[in-house]
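Chain by chain, the residues run as shown.
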Amino acid sequence: MIKGRLKKLREVMKEKGVDYYVIPTADYHGSEYVNDYFKVREYFSGFTGSAGTLLVWQEGASLWTDGRYFIQAAAEIEGTGVTLMKMREEGVPTLEEFLAANVGEGMTLGFDGRTISAKEGKGFEEKLAGRGVSIFYGEDLSKTIWTDRPAFPAGETYLIPESVAGKSLTDKVEGLRGKLKELGAESTLLTKLDDVMWLLNVRGRDVECNPVAISYAYVSMKEICLFIQAAALTGEVKGYLEQNGVTIRDYSDFTDFVKERSGERILLDLRYCGYGIYKDASTKNQVIDAPNPTELFKAVKNPTELANMEKIYMEDNVALTKFIYWLKTNIGKMEITEVSASDKLEQFRRQIPEFLDLSFPTIAGYGPNAAMMHYEATEESHATLEEKGFLLVDSGGQYMGGTTDVTRTIALGPLTEEEIRHYTLVAAGMIQMTNARFLYGCTGRNLDILAREPLWETGLDYKCGTGHGVGYVLNVHEGPHSLRWQYVRDAREYPFEEGMDVTNEPGVYVEGSHGIRIENVMVTKKGEKNEYGQFMHFDTLTWVPLERSALKAEYLTDRQRQWINAYQKTVFEKLSPYLTEDEKAWLKGETAEI
């Protein structure tokens, strides 16, 4: 099937004069997770992961993806004729390097200019400069091939009340205008969906688990304009926006609107702005390439948001802990699969009054399946749980008051010594990050080593970052900050600010055997300020028991063991008031000192 689709694509490429065609995992807004309508790369490769880029030419095709998906991608593209390119592995060229080595004089590179970022498109231009290479970006070549494509999304929008948002639309817009003035810009185009939603205190239903609406926004010193499909606007949302001075225009008007701009100093974040939009905007305007201020504004949670998050996380902690108790007391007594376990956890979350949706499809991987970091069980392909080994459950919820993300690796019975050692080292890394004390100005590259140290000391690692920001009733993955150790050229780094939340999720993944991840969410706080500067630390939002049967003191330092025991004690103190007597008795044993 994939070979047949690629054959048709190559025919269209030949007809259009395109030699190499790039298909990213992207919608028109630089989103990480996309609606089914935009899953063009999946359609032509068979790879279902959330990150990857497909390159097609007449003689071949290659798929670039990162370490989270190596195992999954290799399995899904087997037999398709697509070659897996393992990003950041030794000897593997980047997409740009591959193009530079293979796109010859006078050839044409093609892509849909709405789905390739301006930054990436400009990178292609630079790599291929001086060869007379043409860039074909004005058309989606899949449109005549993917005839049963899903409908373009237009789910209903809804409002986030100020009691939940903590700031009004007017206050947010004024803050944005002030920052634009500082940067010498007269206006900005917001192309990233969560930026638009955050600014307007609106949410949508156009991307699974991400409460966003397909839209653009234009903000100048005097005007706010939202480009959105009429079908997505309820009367309440439309009235609210109009009362706050927002002009509403149809989504399809945006391209012409950009072309009509003239003589403006427009701020564009080229990481998320489409290449086509950049080309249109830069024709008659001065484009200022800078991070959109909304990205940092929304990353620093305000006092109202933080208070709501404390409440929501506690309710979510209780739901997950009740699920773990249910799982441990029913394993072996009834058939439980990866799918039914996920469904049961969702039932516990749905009992929380503020529940809106999951924050991402639950990852429930048993045994070897857990070694695939972003594995997703289906009704057609899943494992049945047994009274042995680990079940890794990475899950979260969207609530009117916060977005959660938490992973626990649960022992279902006897474990191997290797599994115990790996779990204990992961727990040690997670706790070391939790207890970090650092001077203001540190970025994720300064801190990431704390979580990896116990693993690196034994020759282990995990092929992903240690943490990411989490949205507030928004996308579960949020920047601009993160916890990563690797240096990435041209990547912008941001210090941790008070109010930033971040996940803390080290792991070990052994192909064909097991996967272990422990994930908590933390909030950055100010600590002591003295002659050395402002010290910072993290407060924990996630209080869910660690797996006592998988913790072994001999693999820990005395300090690490004390930290883990202190965390477990606090878990019991915080959760026990919300549990039944049986659940409380179980939790008492689960959190006993090691």
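Notes on the structure follow. (Residues numbered from 1 in each chain as written. Predicted model: local features only at pLDDT ≥ 70, side-chain atom pairs only at ≥ 80, totals over all residues. Heavy atoms only, no water.)

## Here's the deal with the packing of helix H17 (residues 558-575) against helix H18 (residues 581-590)
Thinking step 1. Packing of H17 against H18 brings their axes to within 9 Å, and their N-to-C directions diverge by 165°. Here H17 is positioned roughly antiparallel relative to H18, judged by the angle of their axes. By crossing handedness, the relation of H17 to H18 is classed as left-handed. Contacts between H17 and H18 involve Gln568, Val571, Phe572 and Leu575 from the first element and Lys584, Leu587, Lys588 and Glu590 from the second.
Thinking step 2. Considered class by class, the residues forming the contact of H17 with H18 number 4 nonpolar, 1 polar and 3 charged. (Axes fitted to C-alpha atoms, helices over the stretch in contact; angles between N-to-C directions. Helix = DSSP H or I, 4+ residues; strand = E, 2+ residues; numbered from the N terminus. Parallel < 35°, antiparallel > 145°, perpendicular 65-115°, else oblique. Left-handed = near helix turned anticlockwise from the far one by under 90°. Contact = heavy atoms within 4.5 Å. Nonpolar A, V, L, I, M, F, W, Y, C, P; charged D, E, K, R; others polar.)

## Regarding the packing of aromatic side chains
Thinking step 1. Summed over the entire model, instances satisfying the criterion amount to 30 aromatic pairs.
Thinking step 2. What links up through ring pairs into an aromatic cluster is the set Tyr28, Tyr37, Phe38, Phe152, Tyr216, Tyr218, Phe227, Tyr251, Phe254 and Phe257.
Thinking step 3. Lying over the aromatic face of Tyr272, Lys192 brings its terminal NZ or CZ to 4.9 Å of the ring centre.
Thinking step 4. Lying across the ring of Phe572, Lys588 places its NZ or CZ 4.6 Å from the centre. (Phe/Tyr/Trp six-rings, centres within 6.5 Å; stacked < 30°, edge-to-face > 60°. Lys NZ or Arg CZ within 6 Å of the ring centre and 35° of its normal.)

## Points about the pattern of salt bridges
Thinking step 1. Taken as a whole, this structure holds 37 salt bridges when the rule is applied.
Thinking step 2. Close ionic contact of Arg68 with Asp66 constitutes a salt bridge, the shortest N to O distance being 2.8 Å. Here the two residues Arg68 and Asp66 agree in accessibility, since each one is buried.
Thinking step 3. Note that Arg177 is salt-bridged to Glu174, the shortest N-O span being 3.2 Å. A residue pair is termed a helical-turn pair when its members lie 3 or 4 positions apart in one helix, as Arg177 and Glu174 do in helix H7 (residues 169-182) at 3 residues.
Thinking step 4. Residue classification places Arg177 among the buried residues on the basis of a relative accessible area of 13%.
Thinking step 5. A network of salt bridges, in which partner residues are shared, links Lys192, Asp194, Asp195 and Lys298. (Salt bridge = Lys/Arg side-chain N within 4 Å of Asp/Glu carboxyl O. Buried < 20%, exposed > 50% of the residue type's maximum accessible area, 1.4 Å probe, protein only.)

## A word on the sheet that holds strand E2 (residues 53-57)
Thinking step 1. The 6 strands are arranged E4-E3-E2-E1-E5-E6 in an open sheet whose pairing can be described as mixed. The outermost strands of the open sheet, each flanked by one partner alone, are strand E4 (82-86) and strand E6 (134-136). Across the sheet, the mean angle separating the axes of adjacent strands is 20° when strand polarity is ignored.
Thinking step 2. The sheet contact formed by strand E5 (residues 108-111) and E6 spans 3 bridges and is parallel. Counterpart to Gly110 in the pairing with E6 is Phe136.
Thinking step 3. Sitting on the sheet, helix H1 (residues 2-16) is in contact with strand E1 (20-24), E2, strand E3 (60-65), E4 and E6, with an inclination near 65° to E2. (Pairing = 2+ DSSP bridges.)

## Points about empty space enclosed by the protein
Thinking step 1. Across all of its chains, the model carries 3 cavities of 30 Å³ or more by this definition.
Thinking step 2. Tyr21, Val22, Ile23, Pro24, Ala26, Tyr28, Phe38, Val40, Asp112, Thr115, Asp140 and Arg149 together form the lining of the largest cavity.
Thinking step 3. Of all the elements, E1 adds the most residues to the lining of the largest cavity, at 4 residues.
Thinking step 4. Tallied by class, the residues present in the lining of the largest cavity amount to 8 nonpolar, 1 polar and 3 charged. (1 Å grid on protein atoms, 1.4 Å probe; cavity = no way out; pocket = protein on both sides within 12 Å on 5 of 7 lines; lining within 4 Å. Points joined across faces, edges and corners; volume = space filled by probe spheres on them.)

## Quick notes on the sheet that holds strand E10 (residues 215-220)
Thinking step 1. If you walk across this open sheet you meet the 6 strands as E12-E11-E10-E8-E13-E14, and the pairing is mixed. Each edge of the sheet is formed by a strand with only one pairing partner; in this case those strands are strand E12 (246-250) and strand E14 (286-289). Strand-to-strand twist in this sheet, taken as the mean axis angle between neighbours without regard to direction, amounts to 25°.
Thinking step 2. Relative to strand E11 (residues 224-228), E10 runs antiparallel, the two sharing 5 bridges. When the bridges of E11 are listed, Ser215 appears paired with Ile228.
Thinking step 3. Across the face of the sheet, H7 comes into contact with strand E8 (187-190), E10, E11, E12 and strand E13 (265-268) while running at roughly 65° to E10.
Thinking step 4. Contacting E8, E10, E11 and E12, helix H8 (residues 193-200) crosses the sheet at an angle of about 60° to E10.

## Notes on the layout of surface pockets
Thinking step 1. The calculated volume of the second largest pocket comes to roughly 410 Å³.
Thinking step 2. Of all the secondary structure elements, the ones that give two or more residues to the lining of the second largest pocket are helix H10 (254-260) and helix H11 (275-284).
Thinking step 3. Here the lining of the second largest pocket takes 4 residues from H10, the largest share from any one element.
Thinking step 4. Split into classes, the residues belonging to the lining of the second largest pocket amount to 7 nonpolar, 5 polar and 6 charged.

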